[in-house]
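Summary of the model geometry
If you want the building blocks of each chain, they are given just below.
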Amino acid sequence: MSKSLLSVAVAAFVLSGCSLIPDYQRPAAPVAAQYPQGPAYSPAQAANVAAAEQGWRQFFNDPALQQLIQVALENNRDLRVAALNIDAYRAQYQIQRADLFPAVTANGNGSRQRVPAAASSTGKATINGQYSATLGVSAYELDLFGRVRSLSEKALQTYFASEEARRTTQISLVASVANAYMTWQADKELLKLTQDTLEAYEESYKLTARSNEVGVASALDLSQSRTSVEGARVKLAQFTRQVAQDQNSLTLLLGSGIPANLPAAQPLSAKLLSEMPAGLPSELLQRRPDILGAEHQLLAANANIGAARAAFFPSISLTANAGTLSPDMGGLFKGGSGTWSFAPSINIPIFNAGSLRASLDYSKIQKDISVANYEKAIQTGFQEVSDGLAARQTFNQQLQAQRDLVAANQDYYRLAERRYRIGVDSNLTFLDAQRSLFSAQQSLISDRLSQLTSEVNLYKALGGGWYENSGQAKPISEEPPKG
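Take the confidence of the model for the protein chain next. Here the protein chain averages 87 in pLDDT, and 93% of its residues register 70 or above. In the predicted structure, residues 1–15 sits below a pLDDT of 50 and forms 9 contacts with residues beyond four places in sequence or in another chain.

Here we take up the packing of aromatic side chains. Under the defined criterion, the tally for this structure stands at 10 aromatic pairs. Look at Tyr-159 and Phe-160: their rings are 5.6 Å apart centre to centre, the planes differ by 45°, and that puts the pair in the tilted class. We classify Tyr-159 as buried; its relative accessible area is 4%. Classification of Phe-160 by relative accessible area gives buried; the value is 2%.

Inspection of the secondary structure assignment puts Ser-274 in the loop between helix H6 (219–254) and helix H7 (284–287). Taking the relative accessible area as the measure of exposure, Ser-274 reaches 17% and is therefore buried. Polar contacts involving the side chain of Ser-274 include one to the main-chain carbonyl oxygen of Gln-58, which spans 2.6 Å. Filtering out sequence-adjacent residues up to four positions away, Ser-274 remains in contact with Gln-54, Gln-58, Phe-59 and Asn-61.

Okay, empty space enclosed by the protein next. The gaps left among the atoms become clear once a water-sized probe is rolled over them. Taken as a whole, this structure holds 1 cavity of 30 Å³ or more when the rule is applied. Empty space within the largest cavity amounts to approximately 60 Å³. As for the largest cavity, its lining consists of Ala-50, Ala-51, Ala-52, Ala-278, Leu-280, Glu-283, Leu-284, Arg-287 and Leu-462. A per-class count over the lining of the largest cavity returns 7 nonpolar, no polar and 2 charged.

Parameters and conventions
Residues numbered from 1 in each chain as written. Predicted model: local features only at pLDDT ≥ 70, side-chain atom pairs only at ≥ 80, totals over all residues. Heavy atoms only, no water. pLDDT = per-residue confidence, 0-100. Contact = heavy atoms within 4.5 Å. Phe/Tyr/Trp six-rings, centres within 6.5 Å; stacked < 30°, edge-to-face > 60°. Buried < 20%, exposed > 50% of the residue type's maximum accessible area, 1.4 Å probe, protein only. Helix = DSSP H or I, 4+ residues; strand = E, 2+ residues; numbered from the N terminus. Polar contact = N/O pair within 3.5 Å; in protein donor to acceptor, adjacent residues only side chain to side chain. 1 Å grid on protein atoms, 1.4 Å probe; cavity = no way out; pocket = protein on both sides within 12 Å on 5 of 7 lines; lining within 4 Å. Points joined across faces, edges and corners; volume = space filled by probe spheres on them. Nonpolar A, V, L, I, M, F, W, Y, C, P; charged D, E, K, R; others polar.

Written out as structure tokens, the structure reads:
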């Protein structure tokens, strides 16, 4: 009996290296080797530090924004859920991995029973007892064809994908907080501009009203001046509402209230963001967590094919126990009381109406879907970076043109006001200059906000926002979790 047990153990160890998981070949990136070139793009620049490794404290220069990002990373509920999902997938992996090892259990039982004389075969009352202590292994599957290890590998790759999902969530959170904060600041600047403009309109209206009283300005001039005042009041209510809603949106992202000790915000015209070269498209494959997560999902699907293949072959399970049995407690561990049992079982699939073949086909289809998702993640990342690079160059040109337009409108306004006050031009020209200046100033603030958000989105598209400080980057660990 011992020789047969040894033979089974040797065979199990010899076959334990067998794996039916297909060899993994990373799909070729379905994008160009370089980002687009043309009038909308600035010349490529060499990067000393990859955008993904540039810490958000070095990228965002506003101390108030830095503090808000820190608060969000500590309190945001979406990020908290992503971290808990990692713990959940780690536990699932450890559960699946445990099937690779036999589960050993120890049991102890004891019973005593009194049989009355009327029910005893001897006609006398008797007391019967039985005690046992056993150590056993129950239904341990010998992983001859790697089915259990394939499932374990699938769980491990799913765990790695959950880690990348958390990185994706954090990167998106950092970008969302930055965009929400800058939108808040832009709307506050628009609100302040509207308040100043409304005061100017009201002064102009009073001047027109006095001129109307003395017969210099017509009723039409007075009515036109009033429309400017009322239009500014509409904008004032709009921006007051937007500032309040922006603050509410930011509070939701933070997961807590806006800190009372928040530093004074820098104006949108300040250098709020650092320079950030884009690098090469090939870097996205190792920098963007959504692409890395999609590849881990592909590896998990690949491992699942190995499990589906192994299901075609016989499976062997072992159940065994050894211990001692005695009718009384005192004799439980005496010589001659030993007991053991060994019950191997084998399951050989013979006919299952095509179920195993369908399962294998399904697992292959799931892998093809994962390949498509991986390639789509690469294409999406390439498109987002390309859009960001186009926005960078064109927004620089647009902002300069808009600044020139504001300067031109300021000159127009000053001349129109002077000519109106000395009676050379009508009130209509002056009102037109006021409205043109107000519109140009609003557009400048909006364009600056669009430029800043496009830079933040480019930082996110390149995988930036994971590290707090530059120089923290470490090689991505793909070691199985311990525990």
